[in-house]
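Listed here are the chains, written in short residue letters.
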Amino acid sequence: MDVLLLLPATVTVLVGPPIAGVSADKMKICAGESVTLTATGGVTYNWVGLTGNGDTQVVTPTITTEYSVFALGGNGCSSIAPAKIKIEVVPAIVSTLENVYVCAGDNGILDAGAGPNYTYLWSTGATHTDNYYKNCRNLFCNYKQWSVF
């Protein structure tokens, strides 16, 4: 006589539409830089205005742009609302920095130009918002170079 042994099975039932999420490796970029967007909450994704249905997109916006994505579940249900993320493209720094000629002991003003929330890191290690005052105390001052990074 054969014995039939029945074992219980566990099944997960997801009710309702998926909830979409989206993140980025950087929220602020310079013009020409790329950023990777990553969607969560679904099996596949519907990116608004972008091609492909995978969970990642690499974008290179030229202006500040908002991206949206819907999550699609295994049964084809779509999230009710899209997940949204804004990538800010910060303006390029336009420097008015010019050569400064001074005599030993004189002060020279290096002006890299001002901008919204700009901070400069000078090659000497100093950080300032725009102007950097350098007092030259030796005859070799005219040969020293300062750079803005």
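Predicted, not measured: the structure shown is a model, and the values here were computed from it.

Student: Is there a simple way to explain the overall build of the protein in this structure?
Tutor: Within the protein, the secondary structure is distributed over zero helices and 11 strands. Starting at the N terminus, the α and β elements of the protein follow one another as β-β-β-β-β-β-β-β-β-β-β. Expressed as a percentage of the 149 residues in the protein, the buried residues total 23%. Intrachain contacts of the protein at a sequence separation of at least 6 include 47% that bridge at least 24 residues.

Student: Is there a simple way to think about the confidence of the model for the protein in this case?
Tutor: For any part of a model where pLDDT is low, the fine detail of the predicted coordinates should not be relied upon. When the pLDDT values of the protein are averaged, the result is 78; 62% of them are 70 or greater. Confidence over residues 130–149 falls short of pLDDT 50; this stretch has 57 contacts with residues more than four positions distant or in other chains.

Student: Honestly, the side chain of Ser79 in this entry has me stumped. Any pointers?
Tutor: Structurally, Ser79 is set in the loop between β6 (65–72) and β7 (83–90). At 3.2 Å, the side chain of Ser79 forms a polar contact with the backbone oxygen of Ala81. Discounting residues that sit within four places of it in the chain, Ser79 has contacts with Pro17, Pro18, Ala20, Phe70 and Ala71.

Student: What's the story with the sheet that holds strand β4 (residues 44–47) in this structure? I'm lost.
Tutor: Hydrogen bonds between backbone atoms are what pair the strands of a sheet, whose relative direction is either parallel or antiparallel. On the basis of which strands lie adjacent, the open sheet formed by four strands has the order β2-β7-β6-β4 and mixed pairing. Sheet topology places β2 (28–30) and β4 at the edges, where each strand pairs with a single neighbour. In this sheet, neighbouring strand axes are inclined to one another by 30° on average, regardless of whether the strands run parallel or antiparallel. When β2 meets β7, the two strands line up parallel, connected through three bridges. Looking at β7, one finds that Ile29 is bridged to Val89.

Student: Is there a simple way to explain the side chain of Gln57 in this structure?
Tutor: Tracing the backbone through its elements, the reader meets Gln57 in strand β5 (residues 56–59). Judged by relative accessible area, Gln57 falls into the buried class, the value being 12%. Polar side-chain contacts of Gln57 include one of 2.7 Å to the backbone oxygen of Thr51. When sequence neighbours within four positions are dropped, the list of residues in contact with Gln57 reads Val35, Thr36, Leu37, Trp47, Leu50, Thr51 and Gly52.

Student: Just to check I follow, could you spell out the nonpolar core for this structure?
Tutor: Considering soluble globular proteins, one finds that nonpolar side chains tend to be buried as a cluster. Of all hydrophobic cores here, the largest spans 15 residues; its most connected members are Leu37, Tyr45, Trp47, Tyr67, Val69 and Ile87. Of all the secondary-structure elements, those providing two or more residues to this core are β3 (35–40), β4, β6 and β7. For this core, the element with the most residues is β7, which contributes four residues. Leaving out residues up to four positions away in the same chain, Val69 has contacts with Ala20, Gly21, Val22, Ala39, Tyr45, Asn46, Trp47, Pro82 and Ala83.

Student: Would you mind showing me how to read the sheet that holds β5 here?
Tutor: Pairing is antiparallel in the open sheet, where three strands are placed in the order β1-β3-β5. With partners counted over all chains shown, the strands left at the sheet margins are β1 (21–24) and β5, one partner each. With direction set aside, neighbouring strand axes in the sheet form an average angle of 20°. Bridge count for β3 against β5 is four bridges, and the pairing is antiparallel. In the sheet register, Thr38 faces β5, and the bridge partner there is Thr56.

Reading the values: rules and limits
Residues numbered from 1 in each chain as written. Predicted model: local features only at pLDDT ≥ 70, side-chain atom pairs only at ≥ 80, totals over all residues. Heavy atoms only, no water. Helix = DSSP H or I, 4+ residues; strand = E, 2+ residues; numbered from the N terminus. Buried < 20%, exposed > 50% of the residue type's maximum accessible area, 1.4 Å probe, protein only. Contact = heavy atoms within 4.5 Å. pLDDT = per-residue confidence, 0-100. Polar contact = N/O pair within 3.5 Å; in protein donor to acceptor, adjacent residues only side chain to side chain. Pairing = 2+ DSSP bridges. Axes fitted to C-alpha atoms, helices over the stretch in contact; angles between N-to-C directions. Core = buried A, V, L, I, M, F, W, Y, C linked by side-chain atoms within 4.5 Å.

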